[in-house]
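Residue strings, one per chain:
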Amino acid sequence: MKPVYLDNNATTRIDPMVLEAMMPFLSEHYGNPSSIHDFGRPAGIALERAREQVASLLGARHDSEIIFTSCATEATSTAILSAAEAYPERREIITTVVEHPATLQVCERLERQGYVIHRVPVNGEGALDLGIYRAALSDKVALATVMWANNETGVINPVREMAELAHQAGVLFHCDGVQAVGKIPVSLADTEIDMLSCSGHKFHGPKGVGALYVRRGTRFRPLLRGGHQERGRRAGTENIAGIVGMGAAAELADIHLPLMAAQIAVLRDRLQHSITSAIPYTLVMGGTQPRTPNTVNIAFEYIEGEAILLLLNHCRIAASSGSACTSGSLEPSHVMRAMGIPYTAAHGTIRFSLSRYTREKEIEYVIEQLPPMIARLRALSPYWQGDHPMMAADAGGFVPPYG
Amino acid sequence: MWNYSEKVKDHFFHPRNAKVVEQANAIGDVGSISCGDALRLMLRVDPATEIIEEAGFQTFGCGSAIASSSALTELIIGRTLTEASQLTNKQIADYLDGLPPEKMHCSVMGQEALRAAIAQFRGEAPEADHEEGALICKCFGVDEGHIRRAVLQNNLTTLEDVINYTKAGGGCTSCHEKIEQTLGEILSQQPVVAKAAEKPRDENWLAVEEVIAGLRPHIQADGGDMRLLDVTEKQVTVSLSGSCSGCMMTDMTLAWLQQKLIERLGRFMHVVSDTATTSTSAV
């Protein structure tokens, strides 16, 4: 059995066709796309071709609405800081409690500079409280920035509706589309989303390249200045091989999009149902919400996520965890805490994220391997007795000081 | 994934003494499910000789927590309670060929469970520790006595060290100020610090001190600080605190000082921070 890779929300395998498209731009076509001579010409043409491909995947009205960046983190920083600079009189930002750190940390920085940050909460299923979102919208808000799909749970937010509400209040809307693009249809021309960030390596492209969609007519201020590249909106020589790779990956993602719902979601559901029916005391995070078709996040109560990952890794299965111990932090993921997941479950969450390379036999292998691993760790746990959690009231129950 | 030693992996995949000791007469419970780490240590102690005849554990936690629990039991079986009580968390970590700095609290948890078990055997109240000091970290239930022991036994000097070794301050962060204050008090009582201060301050030392004095206002403006610890012929050791502690820009701050020293002294001096030294040796 080859290693089973189920950590595709972290990064994906590069598609061989993407690699093939990139190679000439790492060898013979080394010219700078900004050069006027013949060496620069193939690079310049490839750059614009990639822009078309990404614009097509995003359903943008104009290719020129795509700005290539080094990653989605840069795209998100650009969007938020651009809005703050473009509307200096507006000193409020709306975001959510479950955003990626790329958004949260930029907001925290603005908060230290005196901005008011509205963080829309979620319920136990990861659904946003739209009432609080609506109430926060006002003419003091420079930007509302909301992720399309959550990276940990796959829960899809109603960003189309949220963008409309933002516009009704005269507020600019940015969307972190990293976990949505390539997995669900994204047709930006049909929405009121003003800006959207995405990343090449989340849909079988290379790492080190991302894009920011900026709707034509949106007031914009560049983050990186110093050159005329990307129409003056992102200075710095373009990562041509990476951009070509992202373009090729975008085209392939567009072609494979129907596969996501037809096959990958079926495999994901098979994995989810098998695990939850075979293993007691398991919870699906955000299980009642619309989710990206490739993601399932399951909490295994009374055991800790890193220990599960180590056992999975030992069986050559790669997944990830929102457990504190995998992150260097000491608390479970901010998403789990925001959802109010009890500690009995929050420390033991495992995210399985599939891709178009995931095969049925791999899912069967995980379904076969996982139950004994969970049983083994529960047998070690002081909170577990036989086949059920130990209650504090049980005689001799585990009751540490401050427990 | 953490870079665990082969021995940590071995004790995680094949834990020794992972069992309930049926006739245990000394039990130490530490940690909690909210902390993400909990350990029940069970000992069967011969009341006449006080020799630990059998030890077992149940652990809720990560790989290093399970490995540390397993190592702990291996280290104490056959010892008297008095001998076992001398065991330090560092010995647990050393037995495992080291733990990542961020995971040192797992070894401390083992040591604390052993203390709790011995206290229970001797009929001492488990709360006795708290008489030594106040509860510092409410998120993880860490008191002053726990921090004091970890600081003294492991020569901790920064907030980051205390978080790595005790978990205190790793949650809501509201106790960071209290931890720094406690740490300052513990360190100020240490003869080691006085010894460092007594080191002869030659021309070289004074020149380095002058350069650092020039940089400190800029560092302090960003919420951090830098303290000179030692100067040898080729190396300068500093301690970073406040927002510099654990900052991703630490290397740049040290390189900045290095550059300023080259300009001032006309020769290269290698600059290291005490935390960087600790991390390297611990890994």
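Our subject is the structure listed above.
As the structure is a prediction and not an experimental result, all values here were calculated from the model.

Rules used throughout
Each chain has its residues counted from 1, following the order in which its sequence is written. Chain labels run from A onward and ligand labels from 1 onward, assigned in the order the entries are written. Where totals are concerned, whole chains, interfaces and linings use all residues; where local detail is concerned, this predicted model gives features only for residues with pLDDT of at least 70, and gives and counts side-chain atom pairs only at 80 or more. Excluding hydrogens and water, the side-chain values take into account all heavy atoms of the structure. Think of a salt bridge as a Lys or Arg side-chain nitrogen and an Asp or Glu carboxyl oxygen that are within 4 Å of each other. A run of H or I in DSSP becomes a helix once it reaches four residues, and a run of E becomes a strand once it reaches two; helices and strands are each numbered from the N terminus. Throughout, a residue-residue contact means that at least one pair of heavy atoms, one from each residue, lies within 4.5 Å. Every definition here rests on a 1 Å grid over the protein atoms only: cavities are sets of points where a 1.4 Å probe fits but cannot get out, pockets are open sets enclosed by protein on both sides within 12 Å along at least five of seven lines, and lining residues have some atom within 4 Å of a point. Grid points are joined across faces, edges and corners, and a volume is the space filled by probe spheres set on the points. Side-chain classes are defined by residue name, with Ala, Val, Leu, Ile, Met, Phe, Trp, Tyr, Cys and Pro counting as nonpolar, Asp, Glu, Lys and Arg as charged, and the others, Gly among them, as polar. We call Phe, Tyr and Trp rings a pair once their centres come within 6.5 Å, taking the six-membered ring for Trp, and we label the pair stacked below 30 degrees between planes, edge-to-face above 60, and tilted otherwise. Classification of residues uses two cut-offs on accessible area relative to the type maximum, computed with a 1.4 Å probe and protein chains only: under 20% is buried, over 50% is exposed, and between them is partly exposed. A ring is considered to have a charge above it if a Lys NZ or an Arg CZ atom is located within 6 Å of its centre and within 35 degrees of its normal.

A. Region of interest: the pattern of salt bridges. Counted according to the given criterion, the structure contains 26 salt bridges over all chains. The salt bridge partner of Glu 48 of chain A is Arg 51 of chain A, with a shortest N-O separation of 2.9 Å. Of this pair, Glu 48 of chain A and Arg 51 of chain A both sit in helix 2 (residues 40–58), three residues apart, which is roughly one turn of that helix. If you follow the salt bridges from partner to partner, you end up with Lys 19, Arg 44, Glu 53 and Glu 54 of chain B in one network.

B. The arrangement of the environment of Val 120 of chain A in detail. All names here are of chain A. Within the fold, Val 120 resides in strand 4 (residues 116–120). Counting along the chain gives 41 residues from Val 120 to Ala 79, while the straight-line C-alpha distance between them is 19 Å. Leaving out residues up to four positions away in the same chain, Val 120 has contacts with Ile 94, Thr 95, Thr 96, Val 97, Leu 128, Asp 129 and Tyr 133.

C. Just empty space enclosed by the protein, in detail. Residues and elements named next belong to chain A. In the structure shown here, the tally under the stated rule is four cavities of 30 Å³ or more. Estimates place the volume of the largest cavity at around 110 Å³. Surrounding the largest cavity, 16 residues form its lining, Gly 182, Phe 203, His 204, Met 260 and Arg 356 being those nearest its centre. Among the residues making up the lining of the largest cavity, the classes are represented as six nonpolar, seven polar and three charged.

D. Here's a closer look at the packing of aromatic side chains. Under the definition given, this model contains six aromatic pairs over all chains. Aromatic side chains Tyr 30 of chain A and Phe 39 of chain A sit 5.8 Å apart centroid to centroid with 35° between the ring planes, which places their arrangement in the tilted category. For the ring pair Tyr 281 of chain A and Tyr 302 of chain A, a centre distance of 6.5 Å and an interplane angle of 80° mean the geometry is edge-to-face. You can see Tyr 281 of chain A sitting in the loop between helix 7 (240–278) and strand 9 (282–284) and its partner Tyr 302 of chain A sitting in the loop between strand 10 (295–300) and helix 8 (305–314), a full 21 residues away along the chain. Classification of Tyr 281 of chain A as partly exposed rests on a relative accessible area of 36%. For Tyr 302 of chain A, a relative accessible area of 13% gives the class buried. Grouped by ring-pair contacts, the aromatic residues Tyr 281, Tyr 302 and Trp 384 of chain A constitute a single cluster. In this structure, Arg 378 of chain A is placed above the aromatic ring of Trp 384 of chain A, and the distance from its NZ or CZ to the ring centre is 4.4 Å. For the cation-ring pair, Lys 7 of chain B lies above Tyr 95 of chain B, with the distance from its terminal atom to the ring centre recorded as 4.1 Å.

Everything listed here is a matter of geometry and, on its own, says nothing about what the molecule does.
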